There are 2 protein chains.
Amino acid sequence: MSTLGGICISTQQIIGDPVLREQDFVCSVKPSTTRIALNDAIKNSGLFFPVDPGADASVCGMVATSASGTNAIRYGTMKENVVNLEVVLADGTIIDTKGKGRCPRKSSAGFNFTELFVGSEGTLGIITEATVKVHPRPQFLSAAVCSFPTVHEAASTVVEVLQWNIPVARIELLDTVQIQACNSYSSLNLRESPTLFIEFHGSNEKEVADQTSAVEDICKSHEALDFDSGASPDKRATLWKARHNAYYAALAMRTGARGFTTDVCVPISKLADVISETRSDLDEHEILGTVVGHVGDGNFHVILPTIEEDKTEHRKIQSFSDRLVRRALAADGTCTGEHGIGLGKRKYLREELGENTVRLMHTIKHALDPNNIMNPGKVLPEL
Amino acid sequence: MSTLGGICISTQQIIGDPVLREQDFVCSVKPSTTRIALNDAIKNSGLFFPVDPGADASVCGMVATSASGTNAIRYGTMKENVVNLEVVLADGTIIDTKGKGRCPRKSSAGFNFTELFVGSEGTLGIITEATVKVHPRPQFLSAAVCSFPTVHEAASTVVEVLQWNIPVARIELLDTVQIQACNSYSSLNLRESPTLFIEFHGSNEKEVADQTSAVEDICKSHEALDFDSGASPDKRATLWKARHNAYYAALAMRTGARGFTTDVCVPISKLADVISETRSDLDEHEILGTVVGHVGDGNFHVILPTIEEDKTEHRKIQSFSDRLVRRALAADGTCTGEHGIGLGKRKYLREELGENTVRLMHTIKHALDPNNIMNPGKVLPEL
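Residues numbered from 1 in each chain as written. Chains lettered and ligands numbered in written order. Predicted model: local features only at pLDDT ≥ 70, side-chain atom pairs only at ≥ 80, totals over all residues. Heavy atoms only, no water.

### Brief notes about the overall build of chain A
When helices and strands are tallied, chain A shows 15 helices and 15 strands. Dimensions of chain A along its principal axes, counting C-alpha atoms only, are 60 × 55 × 35 Å. A sequence separation of at least 24 residues applies to 70% of the contacts in chain A between residues at least 6 apart. Carbon and sulfur atoms make up 50% of the accessible area of chain A, which totals about 14600 Å². (Helix = DSSP H or I, 4+ residues; strand = E, 2+ residues; numbered from the N terminus. Contact = heavy atoms within 4.5 Å. Areas by Shrake-Rupley, 256 points an atom, 1.4 Å probe, with all protein chains shown as cover.)

Given below as structure tokens:
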């Protein structure tokens, strides 16, 4: 039994095995279940839970933070993959957003509370059970690696892939500095230029081959320096592991450094320009940083290995981050595509959403949690 | 200028042309724009707005009622297709749920207000602008018509198509009585047995042919009586027009009748049983009614041509509807898949969502609309 602000939550509410409803493509998990544990539990069903932020986060935590990751472009973010939630409210009452145990594929009954709790970062209630969508595991996979002379050409390629409606499962950009870091950290031998890692999913070999060939044509029309789609499953696993280790690879570039990570997301039409401007900004200010991201969603991160004790450097990095956020906001984007607001980004929220929307957030917060016991101080900017 | 409960809304807020942002696959519309007008406005872009409830509803109205329709199985319902909303709140303030003009493909910034207003049926605010997703128009289409000896086999076919992850664009069931009605109303000559209308979308001919052949195999394994996929574009248009006219066809079966329509949605695993039981219920109680629906989502309607003045009949039909809703709820489904709660279904909401969730709806309603001026009396059951 744990307590939070006077609310009692029993162990049974927190720990339990995933319950798969195979024919309905949903699985219910308690807070004790992580993403990998969920996939292990259902591995014999031919189904999988696709949302993959890299880290082995708890699924309920991923709901609370509205996580996404590398294959959101094909399978959606958490918001598109949550069907029903059990939530403990600030007054101790327990609700099921869609009614206990229900999982129709669609519903018009009552307010959409599921989505209200997704991404609320613990400020509106505690998620004690999540029913999420699971998907048929793709029967055929292939991957491609393609490098470009500039980040602008790489990003423009992504835009065109989307415009041609090719259902890529992942399309990730790593800029030159990130590729250098990955080569060193993961003992790879990739060409040191802006690179796309792409994955294709399909129900037969031909489908995957057609997607690969269509994307190859687009890459070539954007001055691709190469296009390697012949990776074996082992090589593919190595590449994606390197991608997932990008953060640690960036940190390893500088002894004693810790990571400062940005998370903007912009409309696709602005992606190539915003990434190019950001890369120029880093170079111009002589800031060590890598660009890596889920560019199929318009979302990219800059990983900045920094020495936390160096106040001057800290200010320099903070200024860079502010400029990046303002650049994204000016491009009709957001200060956070998938990491959430927490404490650090509250200062941008008024500029992004507008005063009235921030006030509405306070109205809702006050209605649900009048004593401010749910993750106090997070997400909401001061009134 | 119109006023509502003291709120002034200017004509400019209501009337205006759709604004397409082609490269970002979004289009912003004012309340004056209907679904067909939106598609007309963007027809030269190669993009289309897919949500299709049959009627030519206003897009902002479709947001408010969380509409869906025949191709939600492939393109999602309104909830999955709204990116940003401008809403006038009860106190007259105007908010943009994601911030003015913003349209990143994903965001973790602040509460998910967009989805809170989708399906709120005007009880939380008035939607004065909706930015919705538009999709590349499929380059290749084909259709198939397939009849079965029983509704159970037809519905089981749908379940298996989903399990094989075949991305059908539409899959609609019409039972024997509905087919008879359509044959008569739309001058068709379809076999009078439970029938699936199926549509396939793809980016090349092979993709569409592969989907068609995979679905044909599944149909045949469920004792399909025939499988006709050779329809010309004209024939295809005739079929879908007949499907969209199903409601009027059912009414035409009985002179002077008006329509009473149900709207349950159940998890796919329960679909075949719930439809079969419903058909038996109609037959057993000698009620004239047709079964038709978006079975790929587990959502189906019973259209009941009734003489409104006949009180005995009205009670009989109401009892049938109550039994149907309870059958759907017992199967972990919902009383409304796409038509909304309005007035008539408030009585089921407590049973479906649970007392605590209904109380939370009141908490939110009171916080946003303390004077109850926004579509008063709708959606929320009495406390």
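Still to come is the rest of the account.
### Looking at the state of the cysteines
Considering all chains together, one arrives at 0 disulfides over all chains under this definition. Counting only cysteine sulfurs, Cys103 of chain B is the nearest neighbor of Cys265 of chain A, a cysteine outside any disulfide, at a range of 9.8 Å. For Cys265 of chain A, a relative accessible area of 0% translates into the label buried. Free of any disulfide, Cys27 of chain B has its nearest cysteine sulfur in Cys60 of chain B, 11 Å distant. (Disulfide = S-S within 2.5 Å. Buried < 20%, exposed > 50% of the residue type's maximum accessible area, 1.4 Å probe, protein only.)

### Brief notes about the packing of aromatic side chains
Residue and element names in this part refer to chain A. Counting across every chain of the model gives 8 aromatic pairs over all chains. Measuring from centroid to centroid gives 5.4 Å for Phe48 and Tyr75, while their planes differ by 85 degrees, and the two rings are edge-to-face. You can see Phe48 sitting in strand E5 (residues 47-48) and its partner Tyr75 sitting in helix H4 (residues 72-75), a full 27 residues away along the chain. Both residues of the pair, Phe48 and Tyr75, count as buried. The residue whose ring lies beneath Arg170 is Trp240, and the NZ or CZ to ring-centre distance is 4.9 Å. (Phe/Tyr/Trp six-rings, centres within 6.5 Å; stacked < 30°, edge-to-face > 60°. Lys NZ or Arg CZ within 6 Å of the ring centre and 35° of its normal.)

### Here's the deal with the domain arrangement of chain A
All names here are of chain A. Here chain A is described as being made up of domain 1 (2-136) and domain 2 (140-249). Using C-alpha coordinates to define each centre, domain 1 is positioned 31 Å away from domain 2. If you look at the interface, domain 1 gives 7 residues, while domain 2 gives 11 residues. Between domain 1 and domain 2, the buried area comes to about 800 Å², and carbon and sulfur atoms account for 55% of it. Looking at the side of domain 1 facing domain 2, the largest losses of area belong to Thr70, Ile73 and Arg74, adding up to 69% of the total buried there. On the surface where domain 1 and domain 2 come into contact, there are 1 salt bridge. Measuring nitrogen to oxygen at the nearest pair gives 3.3 Å for the salt bridge that ties Arg170 to Asp52. In this assembly, domain 1 and domain 2 are joined by 6 residue pairs in polar contact (both at pLDDT 80 or more). The residue inventory of the side of domain 1 that touches domain 2, partitioned by class, reads 2 nonpolar, 3 polar and 2 charged. (Domains from an automatic or database assignment. Buried area = accessible area lost by both parts, 1.4 Å probe. Salt bridge = Lys/Arg side-chain N within 4 Å of Asp/Glu carboxyl O. Polar contact = N/O pair within 3.5 Å; in protein donor to acceptor, adjacent residues only side chain to side chain. Nonpolar A, V, L, I, M, F, W, Y, C, P; charged D, E, K, R; others polar.)

### Details of the pairing of strand E11 (residues 170-174) of chain A
Residues and elements named next belong to chain A. The buried fraction of E11 amounts to 5 of the 5 residues, a majority that puts the element mostly inside the structure. Burial along E11 is two-sided: the residues Arg170, Glu172 and Leu174 and Ile171 and Leu173 are all buried. Examined bridge by bridge, E11 and strand E12 (residues 195-202) share 5 bridges and lie antiparallel to one another. Along E12, the bridge assignment pairs Arg170 with Glu199. When E11 meets strand E14 (residues 290-294), the two strands line up antiparallel, connected through 2 bridges. Looking at E14, one finds that Leu174 is bridged to Val292. (Pairing = 2+ DSSP bridges.)

### Overview of the pairing of strand E14 (residues 290-294) of chain B
Residues and elements named next belong to chain B. With 5 of 5 residues buried, E14 lies mostly within the body of the structure. Alternating residues of E14 divide into Thr290, Val292 and His294 and Val291 and Gly293, and every residue in both groups is buried. Of the pairings in the sheet, the one linking E14 to strand E15 (residues 299-306) comprises 5 bridges and is antiparallel in character. If you follow His294 over to E15, its bridge partner there is Asn299.

### Some points on helix H8 (residues 176-185) of chain A
Listed as buried for H8 of chain A are Val177, Gln178, Ile179, Ala181, Cys182 and Asn183 of chain A. The first or second residue beyond H8 of chain A is Ser187 of chain A, which carries a positive phi of 50 degrees.

### Concerning the interface of chain A and chain B
Contacts between the two partners involve 86 residues from chain A, matched on the other side by 86 residues from chain B. For the pair chain A and chain B, the two sides together bury roughly 6600 Å², of which 57% comes from carbon and sulfur. The closest approach of N and O atoms between Arg105 of chain B and Asp297 of chain A, which form a salt bridge, is 4.0 Å. Counting the contacts that link chain A with chain B gives 40 residue pairs in polar contact (both at pLDDT 80 or more). Secondary-structure elements contributing two or more residues to the side of chain A that touches chain B are strand E7 (94-96), helix H6 (113-117), helix H7 (151-163), helix H9 (205-221), helix H12 (268-284), helix H14 (346-353) and helix H15 (355-368) of chain A. Element by element, the count of residues in the side of chain A that touches chain B is highest for H15 of chain A, at 8 residues. Grouping the amino acids of the side of chain A that touches chain B by side-chain chemistry returns 33 nonpolar, 34 polar and 19 charged.

### Digging into the environment of Lys347 of chain B
All names here are of chain B. Along the polypeptide, Lys347 turns up in helix H14 (residues 346-353). Judged by relative accessible area, which is 48%, Lys347 ranks as partly exposed. Sequence separation between Lys347 and Val379 is 32 residues, and the spatial gap between their C-alpha atoms is 9.5 Å. Excluding residues that lie within four positions of it along the chain, Lys347 makes contacts with Gln318 and Asp322.

### Structural notes on the nonpolar core
With 173 residues, the main nonpolar core has Met78, Phe117 and Ile364 of chain A together with Met78, Phe117 and Ile364 of chain B as its most contacted residues. Here Ile364 of chain B is in contact with Phe113, Leu116, Ile364 and Leu368 of chain A together with Leu116 and Leu124 of chain B, once residues within four sequence places are set aside. (Core = buried A, V, L, I, M, F, W, Y, C linked by side-chain atoms within 4.5 Å.)

### Description of H9 of chain A
Residues and elements named next belong to chain A. With 17 residues, H9 ought to run about 24 Å at 1.5 Å a step, and its terminal C-alpha atoms sit 25 Å apart, in line with that. If you check which residues of H9 are buried, you get Val208, Gln211, Thr212, Val215, Ile218 and Cys219. All buried residues of H9 lie within an arc of 125 degrees about the axis, which places them on one face of the element. For H9, exposure combined with an orientation more than 90 degrees from the buried face picks out Glu205, Asp217 and Lys220. Where H9 is buried, its residues meet H4, strand E10 (140-147), H7 and E12. Looking at where H9 begins, the residue whose side-chain oxygen comes 3.2 Å from the main-chain nitrogen of Lys206 is Asn204. (Expected span 1.5 Å × (residues − 1). Arc of directions from axis to C-beta.)

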